[in-house]
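# Structural characterization, general
What follows is each chain in one-letter form.
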Amino acid sequence: MRKTITTEGRCLSIETGIAEPDATTIVERKGLGHPDTLADHLAERLSRAYSHHTVQQFGAVLHHNFDKLALLGGASEVRYGAGRMTAPVRVLVNGRAAPMCGGEKIPVEEIVEAEVRAFFAERLPEVSDHLDITFNVTSNSSPGAVLTGDAVPDRTRWFNPRSVDDLRERRVRLSNDTSLGTGWAPENAFESFVRELVNHFSGESDFTLSHAWCGSDVKLMGYWDGDQADVVLCVPQKSRHVDSRAEYVRNAETVLAECHRMAGLRFPGAPARFRLNARDVPEKDELYLTHTGSSIESGDEGVVGRGNRVNGLITPLRPMNLEGANGKNPVYHVGKLYNIAAQRLAQRLYEATNGHAEVHLVSTTGQRLDQPWRILVRLSSPDIEVDKVQALVAETLEGFPALTDELVSDGIVLS
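Here is a short report on the structure shown in this document. (Residues numbered from 1 in each chain as written. Predicted model: local features only at pLDDT ≥ 70, side-chain atom pairs only at ≥ 80, totals over all residues. Heavy atoms only, no water.)

### Description of the sheet that holds strand 14 (residues 229–234)
Whenever strands of a sheet pair, they do so through backbone hydrogen bonds, lying parallel or antiparallel. The following threshold applies: Should DSSP find at least two bridges between two strands, the strands are regarded as paired. In this description a helix means any DSSP run of H or I spanning at least four residues, a strand means any run of E spanning at least two, and both kinds are numbered starting from the N terminus. Whenever a helix is involved, its axis is fitted only over the stretch in contact; in every case the axis is a line through C-alpha atoms, and angles between N-to-C directions fall within 0 to 180 degrees. Should any heavy atoms of two residues lie within 4.5 Å, those residues are counted as being in contact.
Here we have four strands laid out as an open sheet, ordered 3-13-14-16, and mixed in their pairing. One side of each edge strand has no neighbouring strand; the edge strands of this open sheet are strand 3 (25–30) and strand 16 (272–276). Neighbour-to-neighbour, the strand axes of this sheet turn through a mean angle of 10 degrees, independent of strand direction. Helix-sheet contacts for helix 5 (residues 245–266) involve strand 14 and strand 16, and the interaxial angle to strand 16 is about 155 degrees.

### Remarks on helix 3 (residues 189–202)
Working note: α-helix, 3.6 residues per turn, so residues spaced by three or four point in the same direction. To keep things clear, this is the line we draw: One less than the number of residues in a helix, times 1.5 Å, gives the span that helix is expected to have. Each residue is assigned to one of three classes by its accessible area relative to the maximum for its type, calculated with a 1.4 Å probe on protein chains only: buried under 20%, partly exposed between the two thresholds, exposed over 50%. For this analysis, a polar contact is any N or O atom pair within 3.5 Å, provided that within protein one partner can donate a hydrogen and the other can accept it, and provided that sequence-adjacent residues contribute only side-chain to side-chain pairs.
Over its 14 residues, helix 3 runs 20 Å from end to end, which matches the ideal 20 Å to within 8%, given 1.5 Å per residue. The buried fraction of helix 3 is high, at ten of 14 residues. For helix 3, the complete set of buried residues consists of Phe 190, Glu 191, Ser 192, Phe 193, Val 194, Leu 197, Val 198, His 200, Phe 201 and Ser 202. Capping the start of helix 3, Asn 188 holds a side-chain oxygen 3.1 Å from the backbone nitrogen of Phe 190, two or three residues further along.

### Things to note about the pattern of salt bridges
For clarity, the threshold we go by: Within this document, salt bridges are pairs made up of a side-chain nitrogen of Lys or Arg and a carboxyl oxygen of Asp or Glu, the two lying within 4 Å of each other.
In total, this model carries 30 salt bridges according to the counting rule given. Here Asp 36 makes a salt bridge to Arg 306, at a shortest N to O gap of 3.7 Å. Of the two residues, Asp 36 sits in helix 1 (residues 35–58) while Arg 306 sits in the loop between strand 18 (301–303) and helix 6 (334–353), which places them 270 residues apart along the sequence. Look at Arg 306 and you get exposed, because its relative accessible area is 54%. The salt bridge involving Arg 240 is made with Glu 126; its shortest N-O contact spans 3.0 Å.

### So, the environment of Ser 294
You can see Ser 294 is positioned in the loop between strand 17 (289–290) and strand 18. By relative accessible area, Ser 294 is classed as buried at 0%. Counting along the chain gives 219 residues from Ser 294 to Ala 75, while the straight-line C-alpha distance between them is 11 Å. With residues up to four places along the chain from it excluded, the contact list for Ser 294 reads Gly 33, Pro 35, Leu 38, Leu 124 and Asp 217.

### Description of the packing of aromatic side chains
As a reminder, the rule being used: Between the rings of Phe, Tyr and Trp (Trp by its six-membered ring), a pair exists once the centres lie within 6.5 Å; its type follows the angle of the planes, with under 30 degrees stacked, over 60 edge-to-face, and the other angles tilted.
Under the definition given, this model contains ten aromatic pairs. Here Phe 190 and Trp 224 contribute two aromatic rings whose centre-to-centre distance is 5.8 Å and whose plane-to-plane angle is 20 degrees, an arrangement assigned as stacked. Highlighted residues: Phe 190 in helix 3 and Trp 224 in strand 13 (residues 219–224), separated in sequence by 34 residues. Summarising the burial analysis for this pair, Phe 190 and Trp 224 share the class buried. For the ring pair Tyr 338 and Phe 400, a centre distance of 5.7 Å and an interplane angle of 25 degrees mean the geometry is stacked. With Tyr 338 in helix 6 and Phe 400 in helix 8 (residues 400–408), the pair connects residues that are 62 residues apart, well separated along the chain. Residue class for Tyr 338 comes out buried when judged on its relative accessible area of 0%.

### Comments concerning unusual backbone geometry
That bond from Ala 185 to Pro 186 is cis: its omega, 5 degrees, falls within 30 degrees of zero. The phi torsion at Asp 285 lies on the positive side, around 55 degrees, for a residue other than glycine. Along the chain, Asp 285 turns up in the loop between strand 16 and strand 17. A relative accessible area of 39% places Asp 285 in the partly exposed class. At Asn 354, a residue that is not glycine, the phi angle is positive and equals roughly 60 degrees.

### Here we look at the sheet that holds strand 2 (residues 10–15)
Taken together, five strands build an open sheet; the order of strands is 1-2-20-19-12 and the sheet is mixed. The open sheet has two free edges, formed respectively by strand 1 (2–7) and strand 12 (180–185), since each of these has just one partner strand. Between one strand axis and the next, the sheet turns through 10 degrees on average, direction left out of account. In this structure, strand 1 lies alongside strand 2, joined through six bridges in antiparallel fashion.

### Examining the nonpolar core
What counts is decided by this rule: Think of a nonpolar core as a cluster: buried Ala, Val, Leu, Ile, Met, Phe, Trp, Tyr and Cys residues, connected wherever their side-chain atoms sit within 4.5 Å.
Core analysis: the biggest nonpolar cluster contains 35 residues, and Leu 42, Leu 62, Leu 71, Val 91, Val 116 and Phe 120 have the highest contact counts within it. When residues of this core are assigned to their parent elements, the largest contribution, eight residues, is made by helix 1. The residues contacting Leu 71, other than those within four sequence positions of it, are Pro 35, Leu 38, Ala 39, Leu 42, Arg 90, Val 91, Phe 120, Ile 296, Asp 300, Glu 301 and Gly 302.

Geometric values such as these leave the question of function open.
Below is the structure:
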């Protein structure tokens, strides 16, 4: 059944009784040291640092976006028991940021450089002294600033405001783009297992704390047919903690044993196959052995938007879009806000209906942020309370100012 409701500038379509997702699951997740994850998380860190500064100095988040950031891999030499960087990792800081407000300069490059170096010191300390930072940050206005006579178009002041009163969003928040946000819930057990397993080997866990050789550039591709799991997993080892080929092989066996242990807890009785570092050729010493624990040390690249979606997974059999949310302005960029809002709304609808929920928020550039052009809610439950769905949608769309505050205050971790 489909019901379409138009109210307060919003066009809401509700579909009920849709089919539950099939058990077949393909899911990918990239760990904390993967170059794409590094690019995503660094871009978001730059946005937050810039936002913190401008809120503290001027009382508002000034215009900026760092969502086109890219990392170009360096070079390294790896030996059993040793390793070193031989060429730096290049950090291309691409984007825009207001360089001043009301005549007061904003130290954009100083903020960015300090955050880049602090980020790598925390995430990949072996790289922190081997960085080449390139700034491609402008304050150019978006298209649409047509000159007529001597008047200065308002649009040209967006990245060079005389005061925060020149920020249009102080009066009304308008969508910056025609785009969409997508969310769904719930995760199935295999999707949750993939998240758990990657975090176990990539982040701070009992396993990584007790196995110093475990690197963070973990990547997993998993397939579940409803009865059994088939997983391809990459887990690097850090060379200074691995003294020989035999030790590398033993460590790999430890990882595989841990995979089977965790799968046994999640899926007791279900067959699970794990392939680790499938490109390894041990007899030729071609191994996933790294100096830093990440392939960013040796030629790999990372680009914002190529990694995990806002929900932390890459799920081609689920609805999703390709927006790079990290680094976007947290005030009015729909590529960030709509994806977070859609995911949260889908979770609430799942909890309210006890069935599968999908949410798609579609914006039109220049229109009110809280009035998407189209809202599509798809629910597996055949019987719903339309008024309750409407109320949850309205509550979500009215919550963008609070969502901005949450993003700026580090309350949300993307991917």
